[in-house]
Amino acid sequence: MTSRIRLKHLQAFRAIVNAGSITAATRMVNLSQPAISRLLAVLEEELGFKLFYRRGRRLVATVEGQSFFRRIEGTLSGIDDIPSIAADVRVNSYGRLRICSIGPLLLGDYLPKATARFQGDFPDAKVTMEWRRREDIDEWVSSRQADIGFTLLPIESNSVTWRKLITVRAVAIFPKGQCFDGRETVHASELRDETTVLPKQNVRLRQYSDAAMFGDQGDMRVDIETSTAVTSCHLVANNVGVGISDPFSVSGLGRDRLGIARLEPELTLTYCAIWPKDREPSQQAMDFLDAVAQVGGEFFEAFPEACPV
């Protein structure tokens, strides 16, 4: 049976996800409401599952719709890049490097500083950077929606090759001028008596933090749960509570807003770069990895608390 799914169906679907309603989506794809509704109906029929449910006036993606969107978003973004890719080819410029990364490395200072160094060495280079969940990084790279990915070990996929970048230790974080200010070392058990701010349990850092803070005592109270360590850092910086973070998420805020101390017991996190197993990285990707390595060599000078013993 031949599928009736076409690019216009996927573009309409993406517009509804991003806009939250068919009415708002019409302005994004320049189609009428009936036309978008027909495209959505055909797409759902071909896929065999519902993509949205209604919540008031808004359309909210179902679990299946969210999963489908994550899998096609990179492909659609690549299609959107076709005009700029063609322009690059016309002027014979340095090609576009597509990077995906977990939040701590991208939303802190680590990858932004590496990108600045890379751009300084290769000013004509074009880079696309995407934030992705750790669970999605392998898929984005193996499906070639990204040329290179940055994530946290261990790697569970057999379809990618990885290279270790840096090993750091998690740090204790607390409001500047309060609680543990001035301390060089804080034990994880001391944090559980304070208002705690930690990522949700599906975040690997949280799993390590629970083991350090609560040990074999089972699930203990966590006052505020967040989707990322970066969010936790911002909340702690605004005097909401204390917590545990990777040092990269901390780096985006700086010491003037956040108290940082060496955490005991030591919790280590190892980060890596990945690329498709059946394809060697391009020279451009290798140049970017060189810039990342240079920044990594400087990181412990700024955050000695993160240096493993």
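The following refers to the structure shown.

Here is what the cut-offs are and how they apply
- Residues numbered from 1 in each chain as written.
- Predicted model: local features only at pLDDT ≥ 70, side-chain atom pairs only at ≥ 80, totals over all residues.
- Heavy atoms only, no water.
- Disulfide = S-S within 2.5 Å.
- Phe/Tyr/Trp six-rings, centres within 6.5 Å; stacked < 30°, edge-to-face > 60°.
- Buried < 20%, exposed > 50% of the residue type's maximum accessible area, 1.4 Å probe, protein only.
- Core = buried A, V, L, I, M, F, W, Y, C linked by side-chain atoms within 4.5 Å.
- Helix = DSSP H or I, 4+ residues; strand = E, 2+ residues; numbered from the N terminus.
- Contact = heavy atoms within 4.5 Å.
- Expected span 1.5 Å × (residues − 1).
- Arc of directions from axis to C-beta.
- Pairing = 2+ DSSP bridges.
- Axes fitted to C-alpha atoms, helices over the stretch in contact; angles between N-to-C directions.
- Salt bridge = Lys/Arg side-chain N within 4 Å of Asp/Glu carboxyl O.

A few words now on the state of the cysteines. Overall, the coordinates contain zero disulfides when judged by the stated rule. Here Cys272 is not cross-linked by a disulfide; its sulfur's nearest cysteine counterpart is in Cys100, at 11 Å. Distance from the sulfur of Cys307, which forms no disulfide, to the nearest cysteine sulfur (Cys233) is 19 Å.

Right, let's talk about the packing of aromatic side chains for a bit. Scanning the model with the defined rule gives 14 aromatic pairs in all. An angle of 70° between the planes, with centres 5.8 Å apart, marks the rings of Phe174 and Phe180 as edge-to-face. For the residue pair Phe174 and Phe180, the accessibility class agrees, reading buried in each case.

Further remarks concern the nonpolar core. Side chains of nonpolar character tend, in soluble globular proteins, to be buried together. Membership of the largest hydrophobic core comes to 68 residues, with the highest contact counts inside it found for Tyr110, Phe150, Leu191, Ile244 and Tyr271. The leading source of residues in this core is helix H13 (residues 283-302), at seven residues. Not counting the four nearest positions on each side in its chain, Tyr110 is found in contact with Leu105, Leu165, Ile166, Phe248, Ser251, Val292, Val295, Gly296 and Phe299. Core analysis: the second largest hydrophobic core is formed by 21 residues, Ala19, Ala24, Ala25 and Phe69 among them.

Attention shifts here to helix H3 (residues 33-47). Residues spaced three or four apart along an α-helix face the same direction, because each turn holds 3.6 residues. Compared with the 21 Å implied by 1.5 Å per residue over 15 residues, the 21 Å span of H3 between its first and last C-alpha is a close match. Taken together, the buried positions of H3 are Ala35, Ile36, Leu39, Leu40, Val42, Leu43 and Glu44. Backbone geometry just after H3 places Gly48 at a positive phi near 90°.

Another point: helix H11 (residues 229-237). For H11, every residue scored as buried is listed here: Ala229, Val230, Ser232, Cys233, Val236 and Ala237. The buried side chains of H11 occupy one side of the element, clustering within an arc of 160° when seen end-on.

Below, the discussion takes up the sheet that holds strand E12 (residues 258-264). Spatial ordering of the open sheet is given by E8-E12-E7-E11, a layout of four strands whose pairing is mixed. With one partner strand each, in any of the chains shown, strand E8 (185-187) and strand E11 (243-245) form the two edges of the open sheet. Each adjacent strand pair in this sheet contributes to an overall mean axis angle of 50°, direction not counted. Alignment of strand E7 (residues 171-175) against E12, held across five bridges, turns out to be antiparallel. Considered in E12, the bridge of Val171 is made with Arg262. Lying on the sheet, H11 is in contact with E7, E11 and E12; it crosses E7 at an angle near 35°.

We now examine unusual backbone geometry. The amide bond that connects Leu153 to the next residue, Pro154, takes the cis arrangement and shows omega of 5°. The residue Pro154 is located in the loop between strand E5 (148-152) and strand E6 (160-169) in this model. In this model, Glu264 is joined to Pro265 through a cis peptide bond whose omega is -5°. If you trace the backbone, Pro265 turns up in the loop between E12 and strand E13 (268-276). Positive phi, normally seen in glycine, also occurs at Asn30, with a value near 55°. Take Asn30: it is sitting in the loop between helix H2 (22-29) and H3. Owing to a relative accessible area of 69%, Asn30 belongs among the exposed residues under this scheme. If you check the backbone angles, Asn239 has positive phi at about 65° while not being a glycine. Position of Asn239 relative to the elements: it lies in the loop between H11 and E11.

For Thr151, the position within the fold is in strand E5. When sequence neighbours within four positions are dropped, the list of residues in contact with Thr151 reads Ile102, Leu105, Arg134, Ile137, Thr270, Tyr271, Cys272 and Ile274.

Attention shifts here to the pattern of salt bridges. Scanning all chains against the criterion turns up 17 salt bridges. Salt-bridge contacts for Arg132 lead to Glu130; the nearest nitrogen and oxygen are separated by 3.2 Å. On the basis of relative accessibility, which here comes to 10%, the residue Arg132 falls in the buried class. A salt bridge links Arg169 to Glu266, with the shortest nitrogen-to-oxygen separation between them at 3.2 Å. Of this pair, Arg169 sits in strand E6 while Glu266 sits in the loop between E12 and E13; the two residues are 97 residues apart in sequence, bridging distant segments of the chain. On the basis of relative accessibility, which here comes to 0%, the residue Arg169 falls in the buried class. A network of salt bridges, in which partner residues are shared, links Arg70, Arg133, Glu135 and Asp136.

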